[in-house]
Structures are given as structure tokens and as C-alpha cells.
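Here are the chains, one letter per residue:
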Amino acid sequence: MREFYCTPSQLDQPCVDGEGGALDPDAERAHDRLVKSSQVQGVARVADATLARLLRMLHRGEVPEPIGKAWLFASGFESIAEFGEVLVGLDARAARAAIVCALAERKGADATGLRNA
């Protein structure tokens, strides 16, 4: 599976995959929610370690779909349930894409292997 990345300078454009390929519908949907949501700032309030833990669980198939707020609270992801509304209601593929975008944005373009044009 390819991962999808976006950087701060690319938030007004669709995310691209790490191989320069076309965007798949799940990544596009996740990107649209990140860009259009009034909660974009809220994703920034969630710690990297918390996002990474949820990402690991998503990769292992341990997260019910669509992601529910009640499950987030019950599973110890209070900060995501509280501040990361953008992830609520997403399926696993879209949530993975959104989290990867958020973490890549924090690390900057060089960490993702993408260069700012």
C-alpha cells in the first residue's frame, strides 16, 4: 500500500502519494476533510505519539469502521475525540491517509521526500 503525504504549502492542493502517482479516493476524501474542516487546527492539538499510536492500530485492523467518537474515548484517544473531529466518521483507509498527512506536515517536506516547488 502506498502512503499519501501533504505539506503545509500543499494544503490548497490535493495530496500526492510518495511515488508521485495519482491520488486515490480515500486519500482525496481525507485531504478534503482536513482542508475544509473547521477542526483542522484541532488535529494540530493532538500529540504526534497519539496519532502514531492510532495509526499503528489502524494498520493492524484494530479500529472499528467508521471511527466513532465513543470508541475513541473508550480506547484512550480522548484528545482525538475532543480535538480531532476530522477523523470521526472516516474508514480505516481515509483515517490512515489523514494521519499520515498530519504527521508529514509536522515533519516538513524534507521528511516526506517531497520538495517544495
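Residues numbered from 1 in each chain as written. Predicted model: local features only at pLDDT ≥ 70, side-chain atom pairs only at ≥ 80, totals over all residues. Heavy atoms only, no water.

A. Just the packing of aromatic side chains, in detail. Here the structure, examined in full by the defined rule, presents 1 aromatic pair. Look at Trp-71 and Phe-77: their rings are 5.8 Å apart centre to centre, the planes differ by 25 degrees, and that puts the pair in the stacked class. Both residues of the pair, Trp-71 and Phe-77, belong to the buried class. Over the ring of Phe-77 we find Arg-53, and its NZ or CZ is 4.0 Å from the ring centre. (Phe/Tyr/Trp six-rings, centres within 6.5 Å; stacked < 30°, edge-to-face > 60°. Buried < 20%, exposed > 50% of the residue type's maximum accessible area, 1.4 Å probe, protein only. Lys NZ or Arg CZ within 6 Å of the ring centre and 35° of its normal.)

B. Focus on the pattern of salt bridges. Summed over the entire model, instances satisfying the criterion amount to 3 salt bridges. One salt bridge in this structure joins Asp-48 and Arg-106, with 2.3 Å as the shortest N-O distance. Remark: Arg-106 occurs in helix 6 (residues 92-107) and Asp-48 occurs in helix 3 (residues 48-59); sequence separation between them is 58 residues. On the accessibility criterion, Asp-48 (39% relative accessible area) is partly exposed. Taking the relative accessible area as the measure of exposure, Arg-106 reaches 31% and is therefore partly exposed. (Salt bridge = Lys/Arg side-chain N within 4 Å of Asp/Glu carboxyl O. Helix = DSSP H or I, 4+ residues; strand = E, 2+ residues; numbered from the N terminus.)

C. Structural detail: the nonpolar core. Among the nonpolar cores identified, the biggest contains 26 residues, and Leu-51, Leu-54, Leu-58, Leu-72, Ile-80, Leu-87 and Ile-99 are the most heavily contacted of them. The set of elements that each furnish at least two residues to this core consists of helix 3, helix 4 (69-74), helix 5 (78-83) and helix 6. Of the residues forming this core, the biggest block, 8 residues, is contributed by helix 6. Filtering out sequence-adjacent residues up to four positions away, Leu-87 remains in contact with Leu-51, Leu-54, Ile-67, Ile-80, Ala-95, Ala-98 and Ile-99. (Core = buried A, V, L, I, M, F, W, Y, C linked by side-chain atoms within 4.5 Å. Contact = heavy atoms within 4.5 Å.)

D. Quick look at the confidence of the model for the protein. Residue-level pLDDT values for the protein average 74, and 56% of them are 70 or greater. Here strand 1 (residues 4-5) is the element of the protein with the lowest mean pLDDT, 46, and helix 3 is the one with the highest, 95. Note on residues 1-5: pLDDT under 50 across the span, and 27 contacts to partners over four residues away in sequence or across chains. Scored below 50 in pLDDT, residues 7-12 shows 13 contacts in the model against residues more than four places distant or in partner chains. (pLDDT = per-residue confidence, 0-100.)

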